[in-house]
Amino acid sequence: MFFRRKNRQRLFKILVFILGLISTAGYAQDIESVIKAPILTNNGGLSFSQIGNYIPGDTLNRINPYSYYISGNMNFSLFSVVNVPVSFAYTNNQLNHDAALPFNRFSIAPSYKWITLYAGYASMTFSPYTLVGHETFGGGVELKFDNGFKFSAIYGRLQKEVRPDSAITSAAYQRMGGGFKVEYSHEKADIALNIYTAKDVVNRAFYSDSTLTLKDNISGSVYLDIKMINNFKLNVEYAISAINADISKSDSVDRSFKDNFLESSGDLSVHHALKAGISQTSAIGTVGGTYERVNPNYTTLGAYYFVNDFENITANYSTTIKKIVNIALDAGYQHDNLSKQKVNTNNRFIFSSNVSATITKRLSVGASYSNLKSYVHIRDVYKDLTNTNPFQNIDTLSFSQLNLTTSGNVNYILRSTNENRQNLNVSFTYQEASEQQEKTDKYSGSKIYNSVLSYQFSLIPQKFNASTSVNYNHNDLPNGFMGVISYNLSLQKVFFEKLKLAIIGTYSRSFNDSLNLANVMNIRFSAGYTFQKRHNLNFSIARVSSQSMSRDNTQYTANLSYNYMFDFNLRRKDKKLNFEGNF
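Values in this document were obtained by computation on a predicted structure and should not be read as measured data. (Residues numbered from 1 in each chain as written. Predicted model: local features only at pLDDT ≥ 70, side-chain atom pairs only at ≥ 80, totals over all residues. Heavy atoms only, no water.)

Draft legend 1. Highlighting the overall build of the protein. Within the protein, the regular secondary structure consists of four helices and 29 strands. Out of the 583 residues belonging to the protein, those deemed buried represent 34%. Across the protein, the fraction of contacts at a sequence separation of at least 24, relative to all contacts at a separation of at least 6, is 52%. (Helix = DSSP H or I, 4+ residues; strand = E, 2+ residues; numbered from the N terminus. Buried < 20%, exposed > 50% of the residue type's maximum accessible area, 1.4 Å probe, protein only. Contact = heavy atoms within 4.5 Å.)

Draft legend 2. Structural view of the confidence of the model for the protein. Confidence along the protein averages 82 in pLDDT terms, with 79% of residues attaining 70 or more. Here residues 14-29 scores under 50 on pLDDT; set against residues more than four positions off or in separate chains, the count is 12 contacts. The model gives residues 95-100 a pLDDT under 50, and that stretch makes 18 contacts with residues more than four places away or in other chains. (pLDDT = per-residue confidence, 0-100.)

Draft legend 3. Molecular detail of the pairing of strand β7 (residues 132-144). Relative to β7, strand β6 (residues 115-125) is paired through 10 bridges, and the arrangement is antiparallel. If you follow Thr116 over to β7, its bridge partner there is Glu142. Counted between consecutive antiparallel strands, the loop separating β6 from β7 contains six residues. Where β7 meets strand β8 (residues 149-159), eight bridges bridge the pair, whose relative direction is antiparallel. (Pairing = 2+ DSSP bridges.)

Draft legend 4. Main features of unusual backbone geometry. A positive phi angle, near 55°, is found at Lys323, a position not held by glycine. Take Lys323: it is sitting in the loop between β15 (310-321) and β16 (325-335). Positive phi is not limited to glycine here, since Lys533 has a value of about 60°. Taking relative accessible area as the criterion, Lys533 reaches 75% and is therefore assigned exposed.

Draft legend 5. Representation of the side chain of Asp225 in the model. With respect to the secondary-structure elements, Asp225 resides in strand β11 (residues 216-227). Of the residues examined, Asp225 reaches a relative accessible area of 6% and is grouped as buried. A polar contact is formed between the side chain of Asp225 and the side chain of Tyr223, at a distance of 3.3 Å. Once residues within four sequence positions are removed from consideration, Asp225 is found in contact with Lys188, Ala189, Asp190, Lys233, Leu234 and Asn235. (Polar contact = N/O pair within 3.5 Å; in protein donor to acceptor, adjacent residues only side chain to side chain.)

Draft legend 6. A look at the pattern of salt bridges. In this structure the tally under the stated criterion is nine salt bridges. With a shortest N-O distance of 3.4 Å, Glu311 and Arg293 are connected by a salt bridge. Placement of Glu311 in strand β15 and of Arg293 in strand β14 (residues 285-294) is noted, with a sequence separation of 18 residues between them. The salt bridge involving Arg534 is made with Asp567; its shortest N-O contact spans 2.8 Å. In this pair, Arg534 is assigned in the loop between β26 (516-531) and β27 (535-548) and Asp567 in strand β28 (residues 552-573), connecting sequence segments 33 residues apart. (Salt bridge = Lys/Arg side-chain N within 4 Å of Asp/Glu carboxyl O.)

Draft legend 7. Molecular detail of the pairing of β14. For strand β13 (residues 268-282) and β14, the ladder comprises 10 bridges, and the chain directions are antiparallel. In the strand pairing of β14, Ala276 is matched with Tyr291. Alignment of β14 against β15, held across nine bridges, turns out to be antiparallel. Opposite Val294, over in β15, you have Phe310 as the bridge partner.

Draft legend 8. Seen up close, the environment of Val544. With respect to the helices and strands, the residue Val544 is situated in strand β27. Since its relative accessible area comes to 6%, Val544 is described here as buried.

Draft legend 9. View of the environment of Asn420. Locating Asn420 in the fold gives a position in strand β21 (residues 420-433). By relative accessible area, Asn420 is classed as buried at 12%. Apart from the residues lying within four places of it in its own chain, the contact partners of Asn420 are Arg415, Phe457, Ser458, Leu459 and Ile460. Side chain to side chain, Asn420 and Gln422 meet in a polar contact 3.5 Å long.

Draft legend 10. Spatial organisation of the packing of aromatic side chains. Considering all chains together, one arrives at 20 aromatic pairs under this definition. Ring geometry for Phe149 against Tyr184: centres 4.7 Å apart, planes inclined by 45°, an arrangement best described as tilted. Note that Phe149 is positioned in strand β8 and Tyr184 in strand β9 (residues 174-185), a separation of 35 residues in sequence. Classification of Phe149 by relative accessible area gives partly exposed; the value is 39%. With relative accessibility at 26%, the residue Tyr184 sits in the partly exposed group. Plain terms: the ring middles of Phe349 and Phe351 are 6.3 Å apart, the flat faces sit at 15° to each other, and that makes the pair stacked. Owing to a relative accessible area of 25%, Phe351 belongs among the partly exposed residues under this scheme. (Phe/Tyr/Trp six-rings, centres within 6.5 Å; stacked < 30°, edge-to-face > 60°.)

Draft legend 11. A look at the environment of Gln280. Mapped onto the fold, Gln280 is located in strand β13. On the basis of relative accessible area, Gln280 is assigned to the partly exposed category, the value being 37%. A sequence separation of 46 residues divides Gln280 from Leu234, and the C-alpha atoms of the two residues are 9.0 Å apart. At a separation of 3.1 Å, a polar atom in the side chain of Gln280 contacts the main-chain carbonyl oxygen of Asn230.

Right, here's the structure in full:
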């Protein structure tokens, strides 16, 4: 009883605090616009999907026979001043093998003029060297003032605890993190300061015999952007990160005051990063230069992945020619082994370019090239072809480090009238993956080629769409290669303005340098019906059959989903409350 009373007292204090902020900020609000605005408005939607799977003869329960997914979003607005967006998602199915990154989530972000509060799952970015969009379960705040100041803060759980005896997931400590950022923007200069800290939480009951190490990290950066005369700009950012890779070694060491910010005993190291740039914009375009240096082993727990141990010196140029051709070029020099601890030092010329052009009203082309190191999610072509669950891999964080990426795209409109539209597209991508991957060896040292030829056809008055494509994916592995060629056909037709039918078929063949590995046929039929403009019912059934060297397999999947949209408002009219809604 005392506990409940205590919680109510805390909740009351929080509400009083929030209302106090709102009332203080609302002193200068335009009273007339507030009076005319609706008292309360709301819009949102709900979605509920059920998926059933059946594999004839399956005695190993390789797939969940039934799963459901519920999601929704609502946005409340009070007097068109206070905004409260709310979203949530829930499923009974664990989507991947990383339980530290759950799919089930809830978030709310009420805002009033210059203040926004975050609760539930949220993310912020302070700097590329401290906090970089890492999802956090907790709370945050953003304050944007009219005088150019902005304050951001966030705190919460970065990683969920997973016991080491889990059968299907990797063990992980619970990781908590938080920090703040202060910014000031002016027409002549921008300045920002941020500090972020994250630390693993020990639980001896789970990890007394574990080989996992407890980490502790604090990082911060200072950013300055000066806008000078004649469109000349100078920017610089300096960052520092202190990380203790194993704070468990400091368990028997006496704590000091500074240990409240970072465990000073254990495997402690401090690293630095610096980035500076200059640019000038004129009639011929924008010309500039950039210098970046990131120390070896520089990392932050506020980022999922990080590239370190390099020094770059680059020049860049961008321009637009007659509003037709857009060009962006970066070229320079890069080397690693900054601490001289490696046997070999890699010195290389780095270059990235992006060119796009609208040659005619029908023809547009684009091309890009980059040999800068980056992390990307490489789509598994075979999984895409055999996928029967639209939510599959929805929360994946499986990234691979690339050393080179190049792509090209040509789009040509064959015909475009009020009656008919036809489009032809050709694209090509080449990627080189690093031989050393941080968390996966799946694409280590691979050279991946992907090409697509597609054709779209539409009869606009009849609301009929058809498309077909051929996709070829070639993966050169260190010990051979694997190729996948697929043929796709999609037909869609709308009847009576409310009923939409579609059939999609895909046939693919995967092979290596000596064997035919598998043949896969994926056929999906779907029907969607909309009634009263607010309700949408969708049903689909899919059959995936595969023939491989080890076994033949057939899987059936049915998906029934319901989507609902609504909105309403409550306003005062003629001294009476008037409620209007669309449900």
